[in-house]
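# Structure assessment
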Amino acid sequence: MSTNHDNVRRLHDGIHDQVHEDTHDDVHDLDSGIVHETAERIDPSDVQDSVHDAVHDGEVIDAEVIEGEILTEEESAALDQRLANRGALVRRAVTTGQVARRVAVRVGTHDRTKTSGKAAVRTAYTVVKGGESFAKRAWDAGTMGVYRRQIKAAEASGDREALKEWTAAKEAATERRHRRLMDLPKLAWGVLKVAVGATLATPVIVFVIAVFAKLTGHGSFTGVWGGFFALIGFVIALGGVLWTLLTFALPVLFVIALFREGKRAAEPPAWMVTTADAGWDSAIDESTIAQALDSLRIPNITRYLKQGYKLQFITPARQQGRGTHAVIRLPGGVPAELISKRRVDLATSLHRAGSEVWPTTGDEAGILDLWVADKGALTGGPGAYPLLTEGLVDVFKGVPAGKTLRGDELREPVMGRNSIVGGAPGQGKSSASKTFMAGCALDPAVEMRIWVPDQNFDFERFKRRCSRYVMGADDESIRQIRDDLKEMYEEMGRRGDLLKVYEVEQVTRELADRNVGLHPLVGLLEEAHVAFQHEEYGEEISKYAVALVKLGRKRGMHFRVSTQAPTATSLPKDVTRNCTNNVAFYVQDYVANDGLLGQGAFKQGVRATDLIPGENRGTAIVKGFTAAKYETLQWYFLDGAEGNDQITPIIDRALAAIKKRELPAPGDSRRPEIESRDLLADLDEVLDDVPVRIADVPALLKRLAPTWSPYQSLTGKALREQLAADYGIKVASTGNRYPLDPATVRDAIVRRERDAGHPDTDEDQAPELAS
């Protein structure tokens, strides 16, 4: 019995030591990353089971004999508790080790760790590149590097004029630098004299002040000097503090300056840029443009660059408005149009959106005119409408439309033009027309007509300014649109007769202001496809619209078509072909793109499909506004919503201007009686009884009727030809003076009156002649 007791006691001590040793090893192994394997090797529950089996069954463990002792029930329970505590410790150690190992494994691959690491490396890279850029700029400044590169480029291109200009500029810069160097000793001597003079003069001034204070009794002599030395001490102390601050701040400021310069001058490698760096803007310069063109894999460009040649930049990359502009002569066999067609690919290489890169053809087929917007320039907007609170418009000079990506204000031409505007719903089509009509409303001479074959409130605030206004898609409204267009068509014919009377080819500002029936007339057909496709009236509406866009422009009439469906079936072809102002907001396919911007525009790279719906709302591709092939325009926005109504004040100002100039109010007749004059009667009035040289007669007629246009451009030769053709009066060449005899004119008047009283035709023919 004693032997069994000793064996059990030894078994207990051995197991205790083993558990303690293994637990210690497990904690140690936690730091070594092998806790998981240790946990598999030791299971506390197994240890407890072994103890219970040995104690309660009284088995003698085979193998090595271990001395021990038999425990009482109390001692056995205490042993079980200690073993349970040891097992819990082991389990906690295993769990902690597993977590630690997972953290250790993931710490090297965590996304946040990667992002932070890349950001740190990129910042250091940018600072280094900033120092490199400053060094290059300093080297260029010291060696005239800018001038040398331009001279080399001019020599390579054979541009003698540019070579001459840059050579002269380099010589002038060299001369200016030489003069500055020669002036340095004089400047240093001048500064030294000022410093010495100030140093010597200051004590003298203080001495005089001290003596004056002593004599006047307003202070003591020593007090003044004491204050002077105290001031010097304060200045020295302040200088010390500022110098200390500057000493600490200067390195930080220098690093910041290097970072800013590096960010401007160099784009970090792709592996340094993370998804959090979407706003990182790569610098657009000659090297990045060359790399982008090389990435297009156009054989002639790739071969040219591999041979060691550099692209010739006729205009180096430079900031222009809200972007960078450059003009590049492409290698032989590469037309600029090819680059335009691959605009999106080029934008990808320049890290820009497709709508931020605009390659066009320059003066020659092989010259690429490239403009790259700053990243996010489209989101900046054009700003507030410039005539929101004051100002009027001259439609003969165009109306405010918006701003280009360069930041240049753009006006839409009105007179002598017609316009078509379209795009997907909700992209700014109607808003652009409101901006256009607001500008027209601010010219008091303009008559406005708006037709909206739909039920919407878009143009309701313009109603007071319009002489004709229709809103509705019902048959009655469409019929009224047809009638109004027919009236406008008839008005076009009447204006043609007026142009003959005033002997002018087209309406001018002078005629528009005289209220003779040749004022500007602007008509807007919104949602035009609805009217053109109407079953009953669509054909007639199309006929009148085609006639207006073909013939109305010289007669002072502008017709504007707005649609969201610019297809061959929704719009008459002759309307789209004869509109010279083209405005395209985002469209989904090349059919709509070419319907708005002209046939073949998509192939030429003029693509409204590259605009992003929603993000580029209010931005359109426009043609005809300038001499450029096309422009990207951000339209001004005018809000007509209740509570923020910007249109009503503009209409109020427009109506006030009309009233001030005493012009007919909108809706009143603008058809004054056509002025007419009798040439023979006017000649009878201005001529006395003495013959007058024919060349002097037009001046007499102008003084008689200064507002009659036919007399303003009349010459002696034209008057002589008109008298012979219309009245049978032949002016003979007497001494090459062609004198006009008043008696001849009066005889013609008598004959005309006699003929009018006794017509040669019968009464049935009289109305036809009279007409």
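Read on for a plain summary of the structure. Numbering of residues starts from 1 in each chain and follows the order in which that chain's sequence is written. Under the rules for a predicted model, residues below a pLDDT of 70 receive no local features and side-chain atom pairs below 80 are neither given nor counted, while totals for whole chains, interfaces and linings still include all residues. Only hydrogens and water are set aside when side-chain values are computed; all heavy atoms of the structure are taken into account.

### Digging into the overall build of the protein
In plain terms, the rule: Going along the chain from the N terminus, every DSSP run of H or I of four or more residues is numbered as a helix, and every run of E of two or more is numbered as a strand. The classification of residues rests on relative accessible area computed with a 1.4 Å probe and restricted to protein chains. Under 20% of the type maximum is buried, over 50% is exposed, and intermediate values are partly exposed. In what follows, a contact means two residues having at least one pair of non-hydrogen atoms within 4.5 Å. Residue exposure ignores everything except the shown protein chains as possible cover, and the areas themselves are Shrake-Rupley values with a 1.4 Å probe.
Each helix and strand in the protein was counted, giving 26 helices and 16 strands. In the protein, which comprises 771 residues, the share counted as buried stands at 39%. Long-range pairs, those at least 24 residues apart, make up 67% of the contacts in the protein between residues at least 6 apart in sequence. For the protein, the accessible surface area stands at approximately 42,700 Å², while carbon and sulfur atoms represent 55% of it.

### Notes on the side chain of Arg 495
Inspection of the secondary structure assignment puts Arg 495 in helix H14 (residues 475–502). Once residues within four sequence positions are removed from consideration, Arg 495 is found in contact with Gly 517, Leu 518, His 519, Leu 521, Arg 555, Gly 556 and Met 557.

### Here we look at the pairing of strand S12 (residues 581–584)
Operational definition: At least two DSSP bridges between two strands are required for those strands to pair.
Of the two faces of S12, the one lined by Asn 581 and Val 583 and the one lined by Asn 582 and Ala 584 are each fully buried. As paired strands, strand S7 (residues 419–422) and S12 are joined by four bridges and run parallel to one another. Note on S12: the bridge partner recorded for Val 421 is Val 583. In this sheet, strand S13 (residues 619–623) lies alongside S12 in antiparallel orientation, the contact comprising three bridges. Paired with Ala 584 across the bridge in S13 is Ile 621.

### Things to note about the pattern of salt bridges
Heads up, the rule is: Salt bridges, as used here, are contacts in which a Lys or Arg side-chain nitrogen is within 4 Å of a carboxyl oxygen on Asp or Glu.
What the rule picks out here adds up to 28 salt bridges. For Glu 175, the salt bridge identified is with Arg 179, shortest N-O distance 3.2 Å. Within this pair, Glu 175 and its partner Arg 179 are both found in helix H7 (residues 160–216), separated by four residues, close to a single helical turn. Exposure remark for Glu 175: the relative accessible area of 38% places this residue in the partly exposed category. Given a relative accessible area of 52%, Arg 179 falls into the exposed group.

### Regarding helix H17 (residues 538–551)
The following threshold applies: Expected span of a helix: the number of residues minus one, times 1.5 Å.
If you check H17, its first and last C-alpha atoms are 20 Å apart, about what 14 residues at 1.5 Å a residue would give, namely 20 Å. Of all the positions in H17, only Gly 538, Ile 541, Ser 542, Tyr 544, Ala 545, Val 546, Ala 547, Leu 548 and Val 549 are classed as buried. Looking at the buried positions of H17, the neighbouring elements they touch are H14, helix H16 (528–532), strand S11 (557–563) and helix H18 (573–578).

So far we have only geometry, and geometry alone does not tell us how the molecule works.
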